[in-house]
Amino acid sequence: MAPSKEISKELFPYLRVYKDGTIERYAGTEVTAAGLDSQTGVLSKDVSLITPQTTISARLYRPYFINNDQKLPLLVYFHGGAFCIASPAEPRYHHCLNQLVFQGKIIVVSVDYRLAPEHPLPAAYDDSWASLQWVFSHVDGGTGTEEWLEDYADFEQVFLAGDSAGANIAHHLALRMKDSNMQASNKKKQKLQGIAMIHPYFWGKDPIGEEANQSEKKSMVDNWWKFVCPSNKGCDDPYINPFVKGAASLKELATESVLIFVAERDILCERGKLYYENLVKSGWQGKAQIVETKGEDHVFHIFKPDCENAYLLIKRWASYINRSNIGSL
């Protein structure tokens with residue numbers, strides 16, 4: 001019998017790294033094929049985004065029936081998974097976006113960024129930025145050639161969204177857009193209509209609120225971050241703590257609105273509330289809103305997609321994108 005391999009690092013509950021470099025993931029490895037979803041009538045397909053940096057893939061979604069002259073809001077989405085697991089093809093994420101497209105009648109680009117530890121941060125940020133550039137290359141007169149974006153996407157209504165790590169990514173992209181050269185063919189800088197952050201993954205070295213009473217969870221989240229971001233700044237790296245010295249001001253977010261979802265039992269809940277409070281006080285000129293779901297934990301809408309609170313979250317998210325009910329969110 002061959003001897004068992006020696007473990008180098010155990011990152012509960014996500015993955016294990018062996019001393020020979022092998023990585024064994026416990027979660028987020030399942031995949032489901034793109035195609036027509038019979039329950040929602042949403043069509044999806046996988047595409048390659050060829051960029052100067054690397055080849056990135058994404059899963060695109062649209063309603064099956066669209067009028068020839070109809071343009072729909074466009075959402076660029078970044079999945080969660082602590083920067084080290086999951087993909088757009090993971091069945092629960094695929095289900096979530098089918099439901100969102102059905103509710104909102106929108107176009108979605110779900111980005112498959114590279115994961116740590118094979119590709120430690122900032123790889124996920126770089127891939128996501130390159131993906132956003134690829135999306136905007138489809139504005140009239142651009143070089144993009146993806147038919148779904150050319151034919152159906154309304155580039156006057158572009159949104160970013162993500163859950164957990166994906167919400168963190170959306171935040172950083174909106175900051176990066178402020179000073180970027182990303183421009184439309186008419187030479188006007190692109191601006192986002194909004195960002196939806198679901199249970200955003202922000203953190204810090206010193207505990208706040210209920211974090212101080214949950215030392216075991218606090219230690220676990222500390223370890224997650226230090227694993228995916230090899231930085232001497234630890235949990236006060238500006239990538240994960242947007243309020244430390246050296247972090248960009250929230251005033252610089254290049255978006256007109258932000259909607260933040262938090263969950264009462266989520267260890268990250270306090271950070272989401274702090275983000276909202278600091279955003280409102282920052283001098284940023286947009287409109288911010290926060291929605292707290294009582295009795296639920298982190299990304300419950302992914303793990304319990306059929307519960308009533310998950311349905312309400314998707315409905316509010318879709319309404320936000322469509323601007324039909326933003327005042328009541």
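Residues numbered from 1 in each chain as written. Predicted model: local features only at pLDDT ≥ 70, side-chain atom pairs only at ≥ 80, totals over all residues. Heavy atoms only, no water.

**Some points on the layout of surface pockets**
For clarity, the cut-off: Both cavities and pockets are sets of points on a 1 Å grid over the protein atoms alone; in a cavity a 1.4 Å probe fits but cannot get out, in a pocket the set is open with protein on both sides within 12 Å along at least five of seven lines, and lining residues sit with an atom within 4 Å of a point. Grid points are joined across faces, edges and corners, and a volume is the space filled by probe spheres set on the points. Helical segments are the DSSP runs of H or I of at least four residues, strand segments are the runs of E of at least two, and each set is numbered from the N terminus. The residue classification treats Ala, Val, Leu, Ile, Met, Phe, Trp, Tyr, Cys and Pro as nonpolar and Asp, Glu, Lys and Arg as charged. All others, Gly included, are polar.
Considering only enclosed or pocket space, the largest pocket measures out at about 570 Å³ in volume. Looking at the largest pocket, it is lined by 29 residues, and the ones nearest its centre are Tyr14, Trp224, His298, Val299 and Phe303. Those elements that provide at least two residues to the lining of the largest pocket are helix H1 (91-104), helix H5 (215-228) and helix H7 (300-303). Considering only residue class, the lining of the largest pocket consists of 17 nonpolar, five polar and seven charged.

**Topic: H1**
For clarity, the cut-off: Any helix carries an expected span of 1.5 Å times its number of residues minus one. Buried means the residue's accessible area, taken with a 1.4 Å probe over protein chains only, is under 20% of the maximum for its type, while exposed means over 50%, and partly exposed covers the values in between. Polar contact criterion, stated in full: a pair of N or O atoms within 3.5 Å, where within protein one must be able to donate a hydrogen and the other to accept it, and residues adjacent in sequence count only if both atoms are side-chain atoms.
In a regular helix each residue adds 1.5 Å, so 14 residues correspond to 20 Å; H1 covers 20 Å between its end C-alpha atoms and thus fits that length. When we look at burial in H1, the residues that qualify are Tyr93, His94, Cys96, Leu97, Asn98, Leu100, Val101 and Gly104. Where H1 begins, the capping side chain belongs to Glu90, and its oxygen is found 2.8 Å from the backbone nitrogen of Arg92. Among the residues trailing H1, Lys105 stands out with phi positive, at a value near 55°.

**A closer look at the UniProt feature "active site" (unreviewed entry) in the protein**
Basically, it comes down to this: UniProt positions are given in the numbering used here, feature names are shortened, and annotations may be inferred rather than shown by experiment. Contact between two residues is taken to exist if any of their heavy atoms lie within 4.5 Å; hydrogens are not considered.
Per the UniProt record, the feature "active site" (unreviewed entry) sits at Ser164. By relative accessible area, Ser164 is classed as buried at 7%. Excluding its chain neighbours within four sequence positions, the residues that come into contact with Ser164 are Gly80, Ile198, His199, Pro200, Tyr201, His298 and Val299.

**A look at the packing of aromatic side chains**
Quick reminder of the rule: Between rings of Phe, Tyr and Trp, where Trp is taken as its six-membered ring, a pair exists when centres lie within 6.5 Å; planes separated by under 30 degrees are stacked, by over 60 edge-to-face, and by other angles tilted. In this scheme, the term charge over a ring applies when either NZ of a lysine or CZ of an arginine sits within 6 Å of the ring centre and within 35 degrees of the ring normal.
Within the structure shown, the criterion is met by 13 aromatic pairs. Pairing Tyr14 with Trp224 gives two aromatic rings, centres 5.0 Å apart and planes at 50°, and the pair type is tilted. With Tyr14 in the loop between strand E1 (7-11) and strand E2 (15-18) and Trp224 in helix H5, this pair connects stretches of sequence that are 210 residues apart. There is no split in this pair, since Tyr14 and Trp224 are both buried. One aromatic cluster is present, formed by Phe83, Tyr125, Tyr201, Trp225 and Tyr239 through successive ring pairs. Cation over ring: Lys5 sits above Tyr18, and NZ or CZ is 4.6 Å from the ring centre. Geometry around Trp148 places Arg62 over its ring, the cationic atom sitting 4.9 Å from the centre.

**Comments concerning the pattern of salt bridges**
Counted only if it meets this: The salt bridge criterion pairs a side-chain nitrogen of Lys or Arg with a carboxyl oxygen of Asp or Glu, the two atoms within 4 Å.
A complete count under the given rule lists 14 salt bridges for this structure. Glu90 is paired through a salt bridge with Arg92; the nearest N and O atoms lie 3.2 Å apart. Under the relative-accessibility criterion, Arg92 is labelled partly exposed at 34%. Three or more residues are tied together by salt bridges with common partners; here these are Lys273, Glu292 and Lys294.

**Notes on the sheet that holds strand E3 (residues 23-25)**
Definition in use: Any two strands with at least two DSSP bridges between them are considered paired. Axis angles are defined between N-to-C directions and span 0 to 180 degrees, where every axis is a line fitted to C-alpha atoms and, for a helix, only to the segment in contact.
Sheet architecture is open: three strands sit in the order E1-E2-E3, paired in antiparallel fashion. Bordering the open sheet on either side are E1 and E3, each of which pairs with just one other strand. Strand-to-strand, the axes of this sheet are offset by a mean angle of 15°, without reference to chain direction. Summarising the sheet, E1 and E2 pair through four bridges and their orientation is antiparallel. In the sheet register, Leu11 faces E2, and the bridge partner there is Leu15. Packing against the sheet, H5 makes contact with E1 and E2, and its axis sits at approximately 125° to E1.

**Quick look at the packing of H1 against helix H8 (residues 308-322)**
Where we set the bar: Roughly parallel means an angle under 35 degrees; roughly antiparallel means over 145; roughly perpendicular covers 65 to 115; every other angle is labelled oblique. If you view the pair so one helix is near and one far, a crossing is left-handed when the near helix is turned anticlockwise from the far one by less than a right angle, and right-handed when it is turned clockwise.
Between H1 and H8, whose axes approach to 9 Å, the crossing angle comes to 50°. When the axes of H1 and H8 are compared, the pair comes out oblique. In this structure, H1 meets H8 at a crossing whose hand is right-handed. Contacts between H1 and H8 involve Cys96, Leu97, Gln99, Leu100, Gln103 and Gly104 on the former and, on the latter, Tyr311, Ile314, Lys315, Trp317, Ala318 and Asn322.

**A word on H5**
With 14 residues, H5 should cover 20 Å at 1.5 Å per step; its first-to-last C-alpha distance of 20 Å lies within 8% of that length. Three or more residues of H5 are buried, namely Lys218, Val221, Asp222, Trp224, Trp225, Phe227 and Val228. Of the surrounding elements, those touching the buried residues of H5 are E1, E2 and helix H2 (123-136).

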